[in-house]
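The chain contents come next:
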Amino acid sequence: MPIKTLESYLFERKLANASSIEILQNATVGIDVDHYLSRIYTFKKEQFLAGIGGIPASLKDYIHSDLQVFQEFNIKPIFIINGLGFPGQRHQYKTNELSPTEQHLEAMWAKLGSKPMYQYNSLESFRIFTDPLPLRPMIHDLVQYFIEIGIDYLISPYDASFQLSYLYQSGMIDAIYGSTDLLLTKIDKFILGMEFQSKDFRFIDKQKVLSELQLTERQFTDLSLMVGCTVQPETFPNFPPLPKPNQIQPFPQLSYFKLGLDIIYHNSFVNQSGDLHAYIASLNDPNLLQLYYQGHAALNFAPVLNKEGYVEPYSVELLKLGLPINPDFLTKDDSGDAIVKIPNNTHEVINERLPPEFYFYQSLGIVPLELAEAITQGFLEIRPTLESGLSDSYKKLITSKFYVDNLDQQFNLLTQLLARYYQVKKVQVKYWFQDDIVELNNRMTPSTSKRIGSHYAIIKGKPDRFSLVEYFKIGTTKPDGAVWKPAAVIATVVYRTLLMFDLIDANSGELKQLGKVIVRFVTENDVSEQAFQELFLVLLLMKSGALVLTESNRNFTNVPKYFKEGGSESAAVELGPEHMKFLTIIGRVFSIHKLNISPINYQGPISRNLLNFRSHIKFISSALCNTLQSVLVDFLVHSTEVKHEYKGKDDWYPLLSQIPFYRDVNSTLLGVVAEIYFEYSFRQSKVGNKSSSEIKAMSHDHLMTQVFQTNMSSFNINVHGVNSITSDQMARDFAEGVKFWKLFIKLAQLIHATDDNLVGAQYLKDIMGADEWVNQFT
């Protein structure tokens, strides 16, 4: 989070200098990913992203376009991603209390649900103007994309601004592209904004800013802590609240930083010390004084990963480089040399420290960030999902004994690698909808690591790249040598994860009944790696018993009827309960697969019901990914061979790129398309005497011209300035969705034949009825 309201004020005072990207030729530029994406995805873009889920579809297109400019000038970018959050950034909410963002989401759903007819309205947005697009859900996709295109990245121990400042001061990068938070570090100049189309950039000169504003560095820092920044995000109550946005005035006109300057200028006549300490003390609020002290401590002791591979406080690294630091934190050792004086309770400001090896794995993207944060802070809060509202099935899923135990095992795997303090320390898990707090991270006998750590596996034939399909199709064998190769490491990690998910018998090492269903399924069917991973998530959801795929949540709205009726006659056609079951499961299954469009700001139909279903799939995917990562960390720490063989990024990157279930799950858009197509087709079949081919053609044309308006080049526009959906692309994606549906049918039939407790006779009958519907209209 940058210093609140400062950026706009700098532009207003013309303190952002312009220059050409050409002067950066042959340079290495460190890029704050959070800031970089906030410049791309301004408030006006991706306003409906929270209504469809997933990462921005245009993300790769934007990065690819910008990298072409870098390539033109031989600029080497290094993308730095924010790591763990500071304790002060976490707000503890009461039971059923929603954050401002969550309140806004709930209000938006209520607003859209109350409309008699869906309307496009550019002023309506699931985003609050003060909120950036959340980065955390995108990290895994970014990591694998950077690896795929050969771009270096680093997940910093904590905030990216301090990591970038260290990299610059140590000479590892030549320039920084980041947020106004860099003004709080020892940086003289940095790039605030890049205009890749015009090939120029705006940079900030710190001394010019201080001179223009007539501030000392200490005053600037104190003011930043008062208005709110990364290390101290709370705005002091002596500032008025920002006015709420409305259709007439969607953006705030109030500048906290400007108001704060008035406080400093007035205070300078009374207090000559050059800081705001006396002023803050005069507010007679001990909590504010505490925030002030903690902010200064965080600024000086924010951890950074140094070039030796260790994590040290920022001020310690500055002192090593011979740079001046805050004298309040300096002392001398016995020999008279200056050393940094670190308070004993720094962990209350920064978090408790983890071993250097953990931070190294975190820098690559192996350690689950939310688990590492929970271990250091002792608290994990489970917040509402994007669709908000009430969902009994989702609550049942996330609080089920299996997944609570699974979370406990993840913590156990990680904490058993740490100091004894962490091994006995409990992590409190708080769900937003209940008062009871679940305490995890209890000591297990034997530990999870010992229970699974003796199991090794490698795919027969020793392939160069791991494939989950081949893993089940070909089978595994005990390794006879090189267990350190990426495919072999992932095979072992997957084997141990399947043990934890109760798909493999721990005693015999053989697949259990459901595992044998998977083997038979991949053996008898031609299924892609991506489709299989998606079906695997559906299988685990069915295994959980939390949700029946044919039963819709009546508390949530579907795709608005406006998109599915097509004329007064077809609008009068009523769908019976059986048809609603068919529509529910078809939409859900299709929604798991991907619709390959890449608009820079999606406009079109959304479904709260499908988003609720996606939340179930995303939870299972996250649980599976976190387990795989935790098992991988445990494997790496205990494997001296891997540490010996893996020398650099060329060894680590292939490992990261092969972790299954690592990316975020897809948006709901293909499910939205399927729901419109099949309901529209059914309605048309009941009106007039139309042939099957006529109905299919009408339904496809309806999607193209009426829903996604491909005849308008500016509708759902992509990075290249044209409509992101074409008739051919839609036909291909829909055909892939039908193919995916057929694979699901075969999987459901196999499950029923093996275990009718998971898919009973009536359940299968409903599924096959939906399949007849699909066959009728495709």
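If you're wondering where the values come from, they're calculated on a predicted model, not measured in any experiment.

(A) Molecular detail of the side chain of S165. Here S165 lies in helix α7 (residues 160-169). Residue classification places S165 among the buried positions, given a relative accessible area of 0%. A polar contact is formed between the side chain of S165 and the side chain of T185, at a distance of 3.5 Å. Beyond its immediate stretch of four places on either side in the chain, S165 contacts I176, T185, K186, I187 and Y314.

(B) Quick peek at the packing of helix α26 (residues 577-592) against helix α33 (residues 761-777). Between α26 and α33, the least distance of the axes is 9 Å, while the angle of their chain directions is 80 degrees. With respect to each other, α26 and α33 are oriented roughly perpendicular. Touching H579, K581, F582, L583, I585 and I586 of α26 are D766, I767, G769, A770, W773 and V774, all from α33.

(C) Structural view of the UniProt feature "domain: XPG N-terminal" (unreviewed entry) in the protein chain. As annotated by UniProt and renumbered to match this structure, "domain: XPG N-terminal" (unreviewed entry) occupies residues 1-107. In residues 1-107, the share of helix is 38% and the share of strand is 15%. The end C-alpha atoms are 25 Å apart.

(D) Spatial organisation of the domain arrangement of the protein chain. With domains assigned, the protein chain is organised as domain 1 (6-211), domain 2 (364-443) and domain 3 (547-595 + 668-777). Computed from C-alpha coordinates alone, the two centres of domain 1 and domain 3 are separated by 36 Å. Taken residue by residue, the interface counts nine residues in domain 1 and 10 residues in domain 3. The tally of links from domain 1 across to domain 3 stands at zero salt bridges. If you look at where domain 1 meets domain 3, you find one residue pair in polar contact (both at pLDDT 80 or more). Of all the secondary-structure elements, those providing two or more residues to the side of domain 1 that touches domain 3 are α3 (49-52) and α4 (59-72). Looking at the side of domain 1 that touches domain 3, its residues break down into five nonpolar, three polar and one charged.

(E) Structural detail: helix α29 (residues 649-656). Looking only at α29, the buried set comprises W652, Y653, L655 and L656. Axial view of α29: buried residues confined to an arc of 160 degrees, hence all on one face. Where the residues of α29 are buried, they touch α6 (139-149), β4 (152-155), α15 (356-364), α22 (486-500), α27 (608-638) and α28 (640-645).

(F) Spotlight on the sheet that holds strand β14 (residues 437-440). Strand order in the open sheet formed by three strands is β12-β13-β14, with mixed pairing between adjacent strands. Pairing within the sheet leaves two strands with one partner each, and these edge strands are β12 (379-382) and β14. Across the sheet, the mean angle separating the axes of adjacent strands is 25 degrees when strand polarity is ignored. Of the pairings in the sheet, the one linking strand β13 (residues 427-431) to β14 comprises four bridges and is antiparallel in character. Opposite V429, over in β14, you have V438 as the bridge partner. Each of β12 and β13 touches helix α16 (residues 369-377); the most contacted strand, β12, lies at about 130 degrees to it. This element, helix α18 (residues 401-415), spans β12, β13 and β14 of the sheet and lies at about 40 degrees to β14.

(G) View of the UniProt feature "domain: XPG-I" (unreviewed entry) in the protein chain. According to UniProt, the "domain: XPG-I" (unreviewed entry) feature falls on residues 147-215. As annotated, residues 147-215 has a helix share of 30% and a strand share of 29%, and its two end C-alpha atoms lie 43 Å apart.

(H) Main features of α7. α7 sits mainly inside the fold: eight of its 10 residues count as buried. Among the residues making up α7, those that are buried are A160, S161, F162, Q163, L164, S165, Y166 and L167. Among the residues trailing α7, G171 stands out with phi positive, at a value near 80 degrees.

(I) How the structure looks around the packing of aromatic side chains. Summed over the entire model, instances satisfying the criterion amount to 46 aromatic pairs. When the ring of Y677 is compared with that of F678, the centres are 5.2 Å apart and the planes differ by 85 degrees; the resulting orientation is edge-to-face. Across the pair, exposure class does not vary: Y677 and F678 are buried alike. Geometrically, the ring pair formed by Y677 and F734 is tilted, given 4.5 Å between the ring centres and 50 degrees between the ring planes. In this pair, Y677 is assigned in helix α30 (residues 669-685) and F734 in helix α32 (residues 727-754), connecting sequence segments 57 residues apart.

What counts and what doesn't
- Residues numbered from 1 in each chain as written.
- Predicted model: local features only at pLDDT ≥ 70, side-chain atom pairs only at ≥ 80, totals over all residues.
- Heavy atoms only, no water.
- Helix = DSSP H or I, 4+ residues; strand = E, 2+ residues; numbered from the N terminus.
- Buried < 20%, exposed > 50% of the residue type's maximum accessible area, 1.4 Å probe, protein only.
- Polar contact = N/O pair within 3.5 Å; in protein donor to acceptor, adjacent residues only side chain to side chain.
- Contact = heavy atoms within 4.5 Å.
- Axes fitted to C-alpha atoms, helices over the stretch in contact; angles between N-to-C directions.
- Parallel < 35°, antiparallel > 145°, perpendicular 65-115°, else oblique.
- UniProt positions renumbered as here; feature names shortened; annotations may be inferred.
- Domains from an automatic or database assignment.
- Salt bridge = Lys/Arg side-chain N within 4 Å of Asp/Glu carboxyl O.
- Nonpolar A, V, L, I, M, F, W, Y, C, P; charged D, E, K, R; others polar.
- Arc of directions from axis to C-beta.
- Pairing = 2+ DSSP bridges.
- Phe/Tyr/Trp six-rings, centres within 6.5 Å; stacked < 30°, edge-to-face > 60°.

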